[in-house]
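# A structural walkthrough
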Amino acid sequence: MSSPPPSPSPSPSPREPYLVTVGDVLAVMAARDPGPFALGSTLRLGIAGAESNVAVGVSRLGGSATWIGRVGDDELGDLVLRELRAEGVTTVAVRDPAPTSLLLKERRTATHSRTRYYRTHTAGARLTADDIPEDVVAGAAILHITGITPALGEGPAAAVTRAVDIAADAGVTISLDINFRSLLWTEAEARPVLLRLLRRSDLVFAGPHEAAVVVPGADGPEELARGICDLGPAGAVIKLGADGAYALLDGQSHRQPAVPVRVHDSVGAGDAFAAGYLAELLAGEPAGRRLRTAALLGAFAVSTAGDWEGLPRRSELALLEHHDDIVR
């Protein structure tokens, strides 16, 4: 009696779409109380970075995210990797003998803060094109980059260009947050670098001043978005803070009001907004849903302390849509 034919092996399930990002993560020493730094000041230790903030935000909403970068072979580097992994972010990191980058945040008054970067000769500033794994970038659904990493030096700029080259060849959607930082470079230095990246991007995020760096002379969010899209991207999102956002996506205009909240700390709001949008883009949601979730994450960011610590899980998105302060 012949044995029955073997059952066919189940086909492997396709890998979950994921976002990949490249950048520097810094250890953060933030003042707890207003006033100048002085002997005996109380500081809170954390981590932050524009690209890693987005990765964490995407992960908290149930998306898959990978961060590529360098950290020091020191306790702060351990902290960076431990925290990102605890947030569900896959890390592809080179451990470097140089120290992990550091950021000091001083709350000079209750409403004004000052930031000091210590990034020269650090691990993040030593990122190179050789640190970018082709398979990781080519396998992603979205590559998210910012204008911060190219400002750190020739090596980091080459690493971002390498990631864009791989993504473009593989048909990966390229997302750029202009994220201009005047403490890192001037507008004249930034403009040609940002324009090269922008022309190869599919989607661009920017505040009005940041957009004006690459589209000088444009006036108002509509002109800024149109000017960006005229350079190549299919989508441009102009972040307007308390006025919400204006988006031009595949030729269609969208306006998204801000979610009203009491502002506690505005740092990280732009990264949160981008994370909400990109998480919904990964999930295949339409433009209206992407922008609404982006606005919700921006509201969570400004109403809590830290760059990313207050970002919500997907189950918490409705918290800011309730009329009562207490959800029972």
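Quick caveat: nothing in here was measured; it's all calculated off a predicted structure.

Another point: the overall build of the protein. Helices and strands together make up the secondary structure of the protein, namely nine helices and 13 strands. Oriented by its inertia axes, the alpha-carbon framework of the protein measures out at about 90 × 50 × 50 Å. Expressed as a percentage of its 328 residues, the buried residues of the protein come to 50%. A fraction of 68% describes how many contacts in the protein between residues 6 or more apart in sequence connect residues 24 or more apart. If you average the places of the 31 positive and of the 40 negative side-chain charges in the protein, the two averages end up 3 Å apart.

With that out of the way, let us pick up the environment of Leu 281. Locating Leu 281 in the fold gives a position in helix H8 (residues 269-282). Counting along the chain gives 139 residues from Leu 281 to Ile 142, while the straight-line C-alpha distance between them is 8.9 Å.

This part takes up the environment of Thr 128. If you trace the backbone, Thr 128 turns up in the loop between strand S7 (113-118) and helix H3 (134-138). On the accessibility criterion, Thr 128 (29% relative accessible area) is partly exposed. Once you skip the residues sitting within four places of it in the chain, Thr 128 turns out to touch Arg 70, Gly 155 and Ala 159.

Here we take up the packing of aromatic side chains. The full count for this structure, using the stated rule, is two aromatic pairs. With centroids separated by 6.5 Å and ring planes inclined at 80°, the aromatic side chains of Phe 205 and Phe 273 adopt a geometry described as edge-to-face. Residue Phe 205 is found in strand S10 (residues 203-206), and its partner Phe 273 is found in helix H8; the two are separated by 68 residues along the sequence. Phe 273 shares its class with Phe 205; the two are buried. Seen from their ring centres, Phe 205 and Tyr 277 are 5.5 Å apart, and the 80° between their planes marks the pair as edge-to-face. Of this pair, Phe 205 sits in strand S10 while Tyr 277 sits in helix H8, and the two are 72 residues apart along the sequence. Taken individually, Phe 205 and Tyr 277 each receive the classification buried, so the pair is uniform in this respect. Through a chain of ring-to-ring contacts, three or more aromatic side chains come together here, namely Phe 205, Phe 273 and Tyr 277.

It is worth spelling out helix H5 (residues 187-199) at this point. If you check H5, its first and last C-alpha atoms are 17 Å apart, about what 13 residues at 1.5 Å a residue would give, namely 18 Å. Of the positions making up H5, those classed as buried are Ala 190, Val 193, Leu 194, Leu 195, Leu 197 and Leu 198.

A residue-level look at the protein finds 93% of positions with pLDDT of 70 or above and a mean pLDDT of 91. Taken together, the stretch residues 1-14 has pLDDT below 50 and engages in zero contacts with residues farther than four places along the chain or on a different chain. Across residues 323-328, confidence stays below pLDDT 50; counting only partners more than four residues off in sequence or on other chains, it has two contacts.

This next bit is on the side chain of Gln 256. By secondary structure assignment, the location of Gln 256 is in strand S13 (residues 252-256). Take Gln 256: its relative accessible area is 9%, and that puts it in the buried class. Every residue in contact with Gln 256, bar those within four places of it in the chain, is listed here: Asp 243, Gly 244, Ala 245, Gly 288, Leu 291, Arg 292 and Ala 295.

Moving on, we come to the sheet that holds strand S6 (residues 102-107). The strands that make up a sheet pair up through hydrogen bonds in the backbone, lying either parallel or antiparallel. Reading across from one edge, S3-S2-S6-S7 is the order of the four strands in this open sheet, with mixed pairing throughout. Looking along the sheet, the strands with just one partner apiece sit at the ends: strand S3 (43-48) and S7. Neighbour to neighbour, the strand axes of the sheet diverge by 20° on average, direction disregarded. As defined by bridge partners, strand S2 (residues 26-31) adjoins S3 across six bridges and the pair is classed as antiparallel.

Reading guide: rules and limits
Residues take numbers from 1 onward in each chain, read along the sequence in its written order. Reporting of local features is limited, given that this is a predicted model, to residues whose pLDDT is at least 70; pairs of side-chain atoms are given and counted only at 80 or more, and all residues count toward the totals for whole chains, interfaces and linings. With hydrogens and water set aside, each side-chain value is computed from the structure's full complement of heavy atoms. Every helix listed is a DSSP run of H or I at least four residues long, and every strand listed is a run of E at least two residues long, numbered separately from the N terminus. The buried label goes to any residue with under 20% of its type's maximum accessible area, the exposed label to any with over 50%, and the partly exposed label to all in between, with areas taken from a 1.4 Å probe on protein chains only. Contacts were defined at the residue level, with two residues in contact if any of their heavy atoms lie within 4.5 Å. When charges are tallied, Lys and Arg are placed among the positive residues and Asp and Glu among the negative ones, while His and the ends of the chain are skipped. Think of each charge as sitting on NZ of Lys, CZ of Arg, CG of Asp or CD of Glu. Two aromatic rings, drawn from Phe, Tyr or Trp (for Trp, its six-membered ring), form a pair once their centres lie within 6.5 Å of each other, and the interplanar angle then sorts them: stacked below 30 degrees, edge-to-face above 60, tilted otherwise. To estimate the expected span of a helix, subtract one from its residue number and multiply by 1.5 Å. For every residue, the pLDDT score states the predictor's confidence, bounded by 0 at the bottom and 100 at the top. Two strands qualify as a pair provided DSSP detects at least 2 bridges between them. Orientation is described by axes fitted as lines to C-alpha atoms, over the contacting stretch for helices, and by angles from 0 to 180 degrees between their N-to-C directions.

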